[in-house]
Structures are given as structure tokens and as C-alpha cells.
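Okay, here's what each chain looks like letter by letter:
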There are 2 protein chains.
Amino acid sequence: MPAMNTPIAADASPIRLLVAQGGGPTAVINQSLVGIVAEARALPQVQAIVGARHGVRGILREDLVDLAAEAPATLEAVAATPAAALGSTRDKPDRDYCKKLLRTLQAHGITHFFYIGGNDSADTVRIVAEEAAAAGHLLVSRHVPKTIDNDLMGNDHTPGFPSAARFVVQAFAGADLDNRALPGVYIGVVMGRHAGFLTAAAALARQQADDGPHLVCLPERVFDLDAFLAAIKSTHERLGRCVVAVSEGIHDAAGTPMLSVLAAGKGLERDAHGNVQLSGTGALADLLCEQVKSRLGISRVRGDTFGYLQRSFVGCVSDVDQHEARAVGSFALQSTLAADAPTAASVALRRVPAQDGSYACEIALQPLTVVAAQTRTMDDAFIAASGLDTTPAFADYLRPLLGSGLVLPSRLAGHPVAKRLG
Amino acid sequence: MPAMNTPIAADASPIRLLVAQGGGPTAVINQSLVGIVAEARALPQVQAIVGARHGVRGILREDLVDLAAEAPATLEAVAATPAAALGSTRDKPDRDYCKKLLRTLQAHGITHFFYIGGNDSADTVRIVAEEAAAAGHLLVSRHVPKTIDNDLMGNDHTPGFPSAARFVVQAFAGADLDNRALPGVYIGVVMGRHAGFLTAAAALARQQADDGPHLVCLPERVFDLDAFLAAIKSTHERLGRCVVAVSEGIHDAAGTPMLSVLAAGKGLERDAHGNVQLSGTGALADLLCEQVKSRLGISRVRGDTFGYLQRSFVGCVSDVDQHEARAVGSFALQSTLAADAPTAASVALRRVPAQDGSYACEIALQPLTVVAAQTRTMDDAFIAASGLDTTPAFADYLRPLLGSGLVLPSRLAGHPVAKRLG
């Protein structure tokens, strides 16, 4: 980590800051919020710490709360609570919307704007910063990264992803045990429309050669239904069972989501951006299970869709993730204090190469354009040649992020007793 | 707890025991297994400790393992691992099947038979015990309770239920935060075909008056779709959002599962007992969401089906449950040692009334017929008059079972900032 406690000049300019949270909640997004707020409260030049409820929508509607008035104990308890404490939004502001946001910032004399979110939130910060500059309003802006999808460019990983990955690991470790106890085919559908990182995390549930998941299907590769079924058949013949991790974003060669392909003719909800709704429905798992039953003739086939549990479950969090989410929040504020600090930037987590294989990350600033409206996907080096699994390099990448205290299953040696009846 | 360390006479009869696990896995079923095995290993008269793989099916097929040969450290690690370490089965033996089981027990000189499972497993123990008596084979049998459904008669609760309930509490606490951050309607479907205990557990996620779940729909009450939609509409108008806990077993006045009612005309899988498959599909949540969208005109409606995660998730366990599951296993073995011990019985957990409100359970034996093939459902005292919620009495009942270290959410005080634009 870079030095974070730069001495502040006594005559530093007054700071009136506004912070908001956007996009899907994570287990640690409130750590970043409290990182910003706690850091700000320690600075004498900070005159206002305002939170907007439900992201940009709260700024638009002037729905603001006074975070300076929160008790420190409340803030610490909230930091340990999953999901956006200020509320979030799916609004994706255009330039006109951003002009309205600026009006609120101006009315409240906001000098510093912090938006904790994903690539869409970074794009909002970019536009607001441009509009502020055009209007001659002195505004320092920071995008603070978060997303369980881990799809932000210029970051080793994003706060929120490690805790969601830990949930996926624990879920597949348990699902594999369950499937071992009552054998059949199990398909677990994981979030991530374009980036397969979270689905790939399932691979870290394995300890022994025959542990599941036995297949990992990522949105970075074209989904081939025949190859998928053949691989399940082969595993089922070999082990008497098969556990599969599938990304909600799997698609055919034309880029059409498999949910649409398999559900052709049925009504499918689309979101404000025109995308098919992939989350909050168990349809993809059910449709894939139908294919396995009807085409492979396997009777016990079960599907689970991890849904909202994977991003908001209370009590499943990576301590590495908590620490880093707090640190990016603190850093975001500190990064505005130097005389030569950039006006607008995005905060990024970067892994520090270590000769001894130990894990460390540092925090840096990068241009908003690196992150804004861009999508990072899995490196080829993380995906097996078969396209149906991850590589050891991915496990090496993810393992240190999962945090301490992860207990994985143990099994009996199972010494056979000689038959007497035969 | 009754005294468990009764001194054993040096000339006690030799014991050759067989243990198996049946039905759906739980987070702590291996604690009961290890309770039996560890207790047996300490007794000089125990000559064999045999485990059957995949329940009665392993006995039928003579697929047996030597548990005396397992390292103690392995056993302890397995005790802390969810899901049946010996494997389980959905086989529901009839008398002919049980006669075959007896043949294996006789061939291996088994004197003591322990079956860890639910009401069907208790029924198997009953039939095997009858067949043994009829055949003149001296067999001591114990049914050891487990089920996440909490539906065994004569028990205050069953091992496995508290940990699954803890999962449901943590899941709804998180889902409610998520729904608060991005408001809409959220429906979470919980396991439990006939008994609503696990669904009802969702109520313990609430801390403040407006916390979800706002509705709890149990299989003990007839599901009225119109009343359900009216309650969601009312909550959504009042709070701008609504979180609902629904049992997979909800049914209409004729007893037809709502999954069948709502999916009329679509193909539905049935299990070996002719029941509609309720688990391993997201269909009920999706069908209920469709109703909310189409009939109430609410756009953001999301459904999750907790599926297998709720019974096998690694890393979500009640320490009270772990302790009790271990104790029922130990007790099961000890209960066979006294000179006047009953030949066949079921082990039961009974709550000890305490004047000071503290929680304690004792372990006792009860006749197999109390449990076998019977189903306990929620007491009326646990269900609100509306039929769409639980009562404080239920919360009092469940709270001590959830175990220590349960961290529930905290929220900001949220002092409003005065508007400047209006």
C-alpha cells in the first residue's frame, strides 16, 4: 500500500464531499463507503459529508443524508453489513441526466464527488466531471471500484468479487458433497453476464481429483450444447455423477444468451438497457436440466440458481476483501488531497509481484476512461483449452483473495469391508 | 443431558455395529455419525464398526466400509463437514427389502444397527427390527434423528434444522438488504414439502419493523393466490418494496402443490414415491414472480430458490446444532448398553423448560412408532392469524437454536439533509 497519511496543510481548502453507491450490491461496498467517511471525518478542512440515497437517483432528487452525523459505532457496524447502505440504482445517466446531477452538487457546494460502483458508475463520474469542468464548477471526482463480476479494466480484481467468490466456493464445495451423497447431475448457475470470474471461482471448491465442479462453463467461450452434454455424459459414466458450474451469461456463436436460445418462444423480461433478464430467474438452470434429462436419459438432475444469495448473503465474507474495500475508500479520499492530485480519476487495485509467492496489492489512480463503460473478461491463460474448465493459473490468482478461515470438506478414507454374501 | 458415561461391565457382550445415513444430507449429519463411532471406539466390547455406503442401498449391496480403521483426526474433520459422509439414498424399503437388509446384517454378525435419518428411515428401522425379532436374530436398533425439515414427531427439533435455519436467516437478512438497496419484490423459495419450519425461520432475519420478510407462506395453510397478491400490493404501496418467504410445499385447498397449479400443462418431474419434484427447480419462484408482474404491474420482481445450498453450504452451521447432533449420536450408542435397554427405539431431542428462559435440551428414547412415517408440522401457536406470517412464539422457539456468532445487519441512521433546490 502507498503511504496514506500524508500530512495535510492547516490552510487546506474546505472540502464538502458527496458519496453515492451504484449498481449491484456487494458484501463489502459499505467498507468503501465507511473508508471514505471515516477518513473525511479526521480532516479539519472537511465541512460536509453528504450521502445520496439510491445513487445518482438520490442526487437527482436531492435525497441526501448527513453522514457526518452518524455515530462512529454505527458506521463500523454498517461497514460490516453487506449491500449498499445508502441504497443503489440501475439508472445509467446520459449527459442530460449528468447536467442535472451537477445542479444538485452546485446547490450544496459539493467540492468532492465519490461514486462507488462498476464500469457504468465510472462512466457517470466521467461525464459529471466533464460537465463540471465545462460549467467552471471546481469538482474533484473519484470512481471507487466495486463489483462481484470482477469486470473492471486496469484492476487486478475488484472489491466485492473475493467475497462473492468465497460464497461460490463454499456453495460448490457443499453441492459437490450433496451430489456425492445422492449422486446425479447438478447444475449451479452463477452470476456474470460477460465475465466468467465468479463462475470460475467454483473450481476452487475442488481438493481431490474427483471433486466437482467437473465442468465450468464461462461466457468467454461460445457455449456448445452438444459438447456440454457429451462432457456431462462422459463424467457421469466415469464417476456416476457430475457437478457443473455455469455462468448465467453463456451464449451461442451468434452471441445470443443460451437462456433465450433454450426458451425460444417464451416471454423473457428485458431490463432498461434492452438486455434479457438473466438474474432473478431459475429458468436457465431448469432448461439445461431438461436437456440433460431428455437427451442423456439421466433421471436425477437438479439445478440451482445462486441468485441474490451470492452477492448479499450475511456471514460469508473474505477478510482480504473487507480490508481492501476499506482501503480503496480511504485511498480515494486521500488521493484528492495532494496539490497536484488529478481532478477526476478512478481508484484501482494492483497486485504487487512478489518473488516468494506471497500476496500483496497496492492502490493507485488510473484515468476514468480505462474503466468507464469497458468490460474486462477472463484472460485466456485462465481458461482451459477444452473451454469447459479453468487453469491452475486461475486458482493461483484467486486463492489469496478468498480470505482466511475457509474450511473445505474432509472425507472418510473408506476402507472396504470384504463381502460375505457376494 | 442425561449422564452419558455409564460404567461398562468388563464382561459386556460383544458388539458389532453397523451405521448408515439416509435421506437428504444436512450440515451436521456427520456429527451424529462420528458421535456413534467415537463412542464405540472407546468400548472394549466393540469388535466391529461398519458403515454402509448410501444408506440401506449399501446394506443391500454389501457395500460396507470399516469405520474402526479411520484415523481419529479424519473422523473429527468429517464431523465438521456437511452432507452424508457415508453417502445417502432415497430408497424407501418395503418389508421384502428389509428382509434382504437383515441377511447382510446376519452375514456380518451385526448386533447393533444405527440409522441416521428422517421419518422414512425410522420406519425402515422399525421393519428391520421386526424382521430381526421374527428371525430370532438378536439385534439392537436405533433411529438417530436428522432432517432440515424439522418434521419428526416427539422431538423439540431435529439435528440439521438449526443450521439450515441459520442459512435461511442469513440469506433473508442479505436478500432484504439487497431489496432495500434496489427496491422491488423479492420471493425466496425455501425447502419443506409439508412442514414450514424452515420457511418460518426467515422471520428471524427481521430486526426492525420494516425489515423483511414481509410475508411468510407456509404449507400448513391453504395458499390463496389472491390474498397473497393483495398482501404484496399492500406492502409494496407502504414500503416501496416487499420481501416474501415461500415454502416449496404451498398448495391450494385441494392439496395440489401450487407449482402444479401454476404450471398446469407443463411437464413436471415426479419422484419414486409419485410426488411432484419440488426441489432442484426454480419454477415455483418464477411462476409466482410472473403472477406478481402480470397482475400487480410491478416491474422489478425477482425470485430465488434456495435449493441445495440451504442444506449443504459449507461454512454456515449452528454450533448448538453441531453439539446436539454429536450428542444424539453418542447417546444412541450409550442407550444400548444398559441391561434393560430397549431393543428398538428412536432417539429424541426434548427441550427442558427453564424458569429463567435459558435454553437446554435433553436426549431421550421414544418408541419408533412415534416417529416412523409420521410428519410433524408447525403448531398453530407458531402461525399468525393472517396465515401469512409467524408469531413471536416461533421466534422464541427458534432463536436459541441458531447458535452463536450470528451477525445481523446494521443500517445508517440516515439524517436527512435539507433540500436546496426543492
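In what follows, the structure referred to is the one given above.
Criteria and cut-off values
- Going along each chain's sequence as written, the residues are numbered from 1 onward.
- A letter from A marks each chain and a number from 1 marks each ligand, given out in the order of writing.
- Where totals are concerned, whole chains, interfaces and linings use all residues; where local detail is concerned, this predicted model gives features only for residues with pLDDT of at least 70, and gives and counts side-chain atom pairs only at 80 or more.
- Side-chain figures throughout are based on the complete set of non-hydrogen atoms in the structure, without hydrogens or water.
- Runs of H or I in DSSP of at least four residues are treated as helices and runs of E of at least two as strands, each being numbered from the N terminus.
- We compute the radius of gyration from the C-alpha atoms alone; for a globule the expected value is 2.2 Å times N to the 0.38, where N is the number of residues.
- Using a 1.4 Å probe on the protein chains alone, a residue whose accessible area is under 20% of its type maximum counts as buried, one over 50% counts as exposed, and one in between counts as partly exposed.
- Contacts: residue pairs with any heavy atoms within 4.5 Å of one another.
- Working definition of accessibility: Shrake-Rupley area with a 1.4 Å probe, residue cover restricted to the visible protein chains.
- Positive residues here are Lys and Arg, negative ones are Asp and Glu, while His and the chain termini are left out of the count.
- To locate a charge, take atom NZ for lysine, CZ for arginine, CG for aspartate or CD for glutamate.
- Two parts lose some accessible area (1.4 Å probe) when they are put together, and adding that loss for both gives the buried area.
- Every case where a carboxyl oxygen of Asp or Glu lies within 4 Å of a side-chain nitrogen of Lys or Arg is listed as a salt bridge.
- In the analysis that follows, any N or O atom pair within 3.5 Å is treated as a polar contact, provided that within protein one partner can donate a hydrogen and the other can accept it, and provided that, for residues neighboring in sequence, both atoms belong to side chains.
- Throughout, the ten residues Ala, Val, Leu, Ile, Met, Phe, Trp, Tyr, Cys and Pro are labelled nonpolar, Asp, Glu, Lys and Arg are labelled charged, and all others, Gly among them, are labelled polar.
- In this analysis an axis means a line fitted to C-alpha atoms, helices contributing only their contacting stretch, and an angle means the value between N-to-C directions, from 0 to 180 degrees.
- Between 65 and 115 degrees an angle is taken as roughly perpendicular, under 35 as roughly parallel, over 145 as roughly antiparallel, and anywhere else as oblique.
- Two helices that cross are described as forming a left-handed crossing if the nearer one is turned anticlockwise from the farther one by less than a right angle, and a right-handed crossing if clockwise.
- The atoms used to superpose the copies are C-alpha atoms, taken from residues with pLDDT of at least 70 in both, and the fit is least squares.
- Here a strand pair is declared whenever DSSP counts at least two bridges between the two strands.
- Pairing of aromatic rings covers Phe, Tyr and the six-membered ring of Trp, with a centre-to-centre limit of 6.5 Å; geometry is then stacked below 30 degrees between planes, edge-to-face above 60, and tilted otherwise.
- Working rule for helices: expected span equals 1.5 Å times residues minus one.

Peer 1: Is there a simple way to explain the overall build of chain A in this structure?
Peer 2: Regarding its fold elements, chain A presents 14 helices and 11 strands. Against the 2.2 N^0.38 benchmark of 22 Å for 422 residues, chain A shows a C-alpha radius of gyration of 23 Å, consistent with a compact globule. Dimensions of chain A, computed from C-alpha atoms along their principal axes, come out at roughly 90 × 50 × 35 Å. In chain A, which comprises 422 residues, the proportion classed as buried is 60%. A fraction of 77% describes how many contacts in chain A between residues 6 or more apart in sequence connect residues 24 or more apart. Approximately 15,200 Å² of chain A is accessible, and the part contributed by carbon and sulfur atoms is 51%. If you average the places of the 37 positive and of the 42 negative side-chain charges in chain A, the two averages end up 5 Å apart.

Peer 1: Can you help me understand the interface of chain A and chain B in this one?
Peer 2: Each partner contributes residues to the interface: chain A has 85 residues there, and chain B has 86 residues. With both sides pooled, the region where chain A packs onto chain B buries about 6,400 Å², and carbon together with sulfur makes up 58% of that total. Together, Glu62, Val314 and Leu412 of chain A form the three largest contributors to the area buried by chain A at its contact with chain B, with a combined 11%. Between Arg311 of chain B and Asp178 of chain A there is a salt bridge; the shortest N-O distance is 2.7 Å. Our count for the chain A to chain B interface comes out at 40 residue pairs in polar contact (both at pLDDT 80 or more). With 9 residues, helix H6 (residues 161–181) of chain A is the largest single contributor of residues to the side of chain A that touches chain B. Partitioned by chemical class, the residues of the side of chain A that touches chain B number 38 nonpolar, 28 polar and 19 charged.

Peer 1: Is there a simple way to think about the packing of helix H1 (residues 29–41) of chain A against helix H12 (residues 319–334) of chain A in this case?
Peer 2: Any two packed helices are characterised by the angle at which their axes cross and by the distance between the axes. Residue and element names in this part refer to chain A. Look at H1 against H12: their axes get within 7 Å of each other, and the N-to-C directions meet at 40°. In terms of their interaxial angle, H1 and H12 are classed as oblique. Crossing of H1 over H12 shows right-handed handedness. Between H1 and H12, the residues in contact are Gln31, Ser32, Val34, Gly35, Ile36, Ala38, Glu39 and Ala40 and Gln322, Ala325, Arg326, Val328, Gly329, Ser330, Leu333 and Gln334, respectively. Within the contact of H1 with H12, the residues separate by chemical class into 7 nonpolar, 7 polar and 2 charged.

Peer 1: Can you help me understand the relation of the copies chain A and chain B in this one?
Peer 2: To go from the first copy of the chain to the second, apply a rotation about an axis and then a shift along the same axis. Take chain A, turn it by 180°, move it 0.0 Å along the axis, and it overlays chain B with an RMSD of 0.0 Å. On the angle and the small slide along the axis, the relation comes out as a two-fold axis. Minimal C-alpha separation from the rotation axis in chain A is found for Gly282 of chain A, amounting to 2.1 Å. Both copies share a contact surface, since 100% of the interface residues of chain A are interface residues in chain B too.

Peer 1: What should I look at first to understand the packing of helix H8 (residues 225–239) of chain A against helix H10 (residues 283–296) of chain A in this one?
Peer 2: Residue and element names in this part refer to chain A. Across the interface, H8 lies against H10 with an axial gap of 11 Å and an inter-helix angle of 65°. Compared by their axis directions, H8 and H10 come out roughly perpendicular. For the pair H8 and H10, the sense of crossing is right-handed. Contacts from Leu225, Asp226, Phe228, Leu229, Ile232 and Lys233 of H8 reach H10 at Leu288, Gln291, Val292, Arg295 and Leu296. For the contact of H8 with H10, the per-class residue count stands at 7 nonpolar, 1 polar and 3 charged.

Peer 1: What am I meant to see in the sheet that holds strand E10 (residues 344–351) of chain B here?
Peer 2: Strand pairing in a sheet takes place through backbone hydrogen bonds and is either antiparallel or parallel in direction. All names here are of chain B. Strand order in this open sheet of 7 strands is E3-E2-E1-E4-E5-E10-E11, and the pairing throughout is mixed. Taken across any chain shown, the strands that pair with only one partner, and hence form the sheet edges, are strand E3 (64–66) and strand E11 (361–366). Looking at each pair of strands side by side, their axes are set apart by 25° on average, direction ignored. Where strand E4 (residues 112–117) and strand E5 (residues 140–145) come together, 6 bridges link them in parallel fashion. By the bridge assignment, Ile116 is partnered in E5 with Val144.

Peer 1: Please clarify how the pairing of strand E9 (residues 301–305) of chain B should be interpreted in this entry.
Peer 2: Within a regular beta strand, the side chains point alternately toward one face of the sheet and then the other, so they alternate between its two faces. Residue and element names in this part refer to chain B. The element E9 is largely enclosed, with a buried count of 5 among its 5 residues. Because side chains alternate across E9, one face comprises the buried residues Val301, Gly303 and Thr305, and the other comprises Arg302 and Asp304, equally buried. Bridge count for strand E6 (residues 185–190) against E9 is 5 bridges, and the pairing is parallel. Residue pairing in the sheet places Val189 in a bridge with Thr305 of E9.

Peer 1: What is the right way to read the side chain of Arg142 of chain A from this model?
Peer 2: With respect to the helices, strands and loops of the structure, Arg142 of chain A is situated in strand E5 (residues 140–145). One buried charged residue, Arg142 of chain A, forms no salt bridge at all, with the nearest opposite charge on Asp340 of chain A at 8.8 Å.

Peer 1: Explain the packing of aromatic side chains here, please?
Peer 2: The geometry of an aromatic ring pair comes down to the distance between the two centres and the angle between the two planes. All names here are of chain B. Counted according to the given criterion, the structure contains 25 aromatic pairs over all chains. Between the aromatic rings of Phe167 and Phe306, the centroid separation amounts to 6.4 Å while the plane-to-plane angle is 75°, which identifies the pairing as edge-to-face. Pair noted here: Phe167 is in helix H6 (residues 161–181) and Phe306 is in the loop between E9 and helix H11 (309–312), with a separation of 139 residues, a long-range link. Look at Phe167 and you get buried, because its relative accessible area is 1%. Assessed through its relative accessible area of 0%, Phe306 is described here as buried. Ring centres of Phe223 and Phe228 lie 4.9 Å apart, and the angle between their planes is 55°; on these two criteria the pair is classed as tilted. Residue Phe223 is classed as buried on the basis of its relative accessible area, which comes to 7%.

Peer 1: Which parts of the structure should I look at to understand unusual backbone geometry?
Peer 2: Excluding glycine, most residues fall at negative phi; most peptide bonds, likewise, are trans. Omega for the peptide link from Gly212 of chain A to Pro213 of chain A comes to 5°, which places this bond in the cis form. Inspection of the secondary structure puts Pro213 of chain A in the loop between helix H7 (197–200) and strand E7 (215–217). Although it is not a glycine, Glu62 of chain B adopts a positive phi angle of roughly 60°. Inspection of the secondary structure assignment puts Glu62 of chain B in the loop between helix H2 (55–60) and E3. Residue classification places Glu62 of chain B among the buried residues on the basis of a relative accessible area of 3%. If you check the backbone angles, Ala373 of chain B has positive phi at about 60° while not being a glycine. Within the element layout of this structure, Ala373 of chain B appears in the loop between helix H13 (368–371) and helix H14 (392–398).

Peer 1: Would you explain H12 of chain A in this entry?
Peer 2: Since one α-helical turn is 3.6 residues long, residues separated by three or four positions face the same way. Residues and elements named next belong to chain A. Between its first and last C-alpha, H12 extends 22 Å over 16 residues, near the 22 Å set by a 1.5 Å rise per residue. Of all the 16 residues making up H12, 12 are buried; the element is thus mostly covered by neighbouring parts of the structure. Listing the buried residues of H12 in full gives Val320, Asp321, Glu324, Ala325, Ala327, Val328, Gly329, Ser330, Phe331, Ala332, Leu333 and Gln334.

Peer 1: I keep staring at the sheet that holds strand E6 (residues 185–190) of chain A and nothing clicks. Help me out?
Peer 2: Residues and elements named next belong to chain A. Read from one edge of the open sheet, 4 strands run E7-E8-E6-E9, paired in parallel fashion. Edge strands, defined here as strands with exactly one partner in the open sheet, are E7 and strand E9 (301–305). Neighbour-to-neighbour, the strand axes of this sheet turn through a mean angle of 15°, independent of strand direction. As defined by bridge partners, E6 adjoins strand E8 (residues 242–247) across 6 bridges and the pair is classed as parallel. Directly across from Gly188, in E8, lies its bridge partner Ala245.

Peer 1: Looking at this structure, how should I read the environment of Ser260 of chain B?
Peer 2: One can find Ser260 of chain B in helix H9 (residues 258–262). Taking the C-alpha atoms as reference points, Ser260 of chain B and Ala209 of chain B, 51 residues apart in sequence, are found 34 Å from one another.

Peer 1: What's the story with the pattern of salt bridges in this structure? I'm lost.
Peer 2: When the charged atoms of two side chains with opposite charge come close together, those side chains can pair. Residue and element names in this part refer to chain A. This structure, assessed with the given rule, holds 44 salt bridges over all chains. Its salt-bridge partner being Asp123, residue Arg126 comes within 2.8 Å of it at the nearest N-O pair. With a gap of 3 residues between them, Arg126 and Asp123 both fall in helix H5 (residues 119–135), about one helical turn apart. Overall, Arg126 belongs to the partly exposed group, its relative accessible area being 22%.

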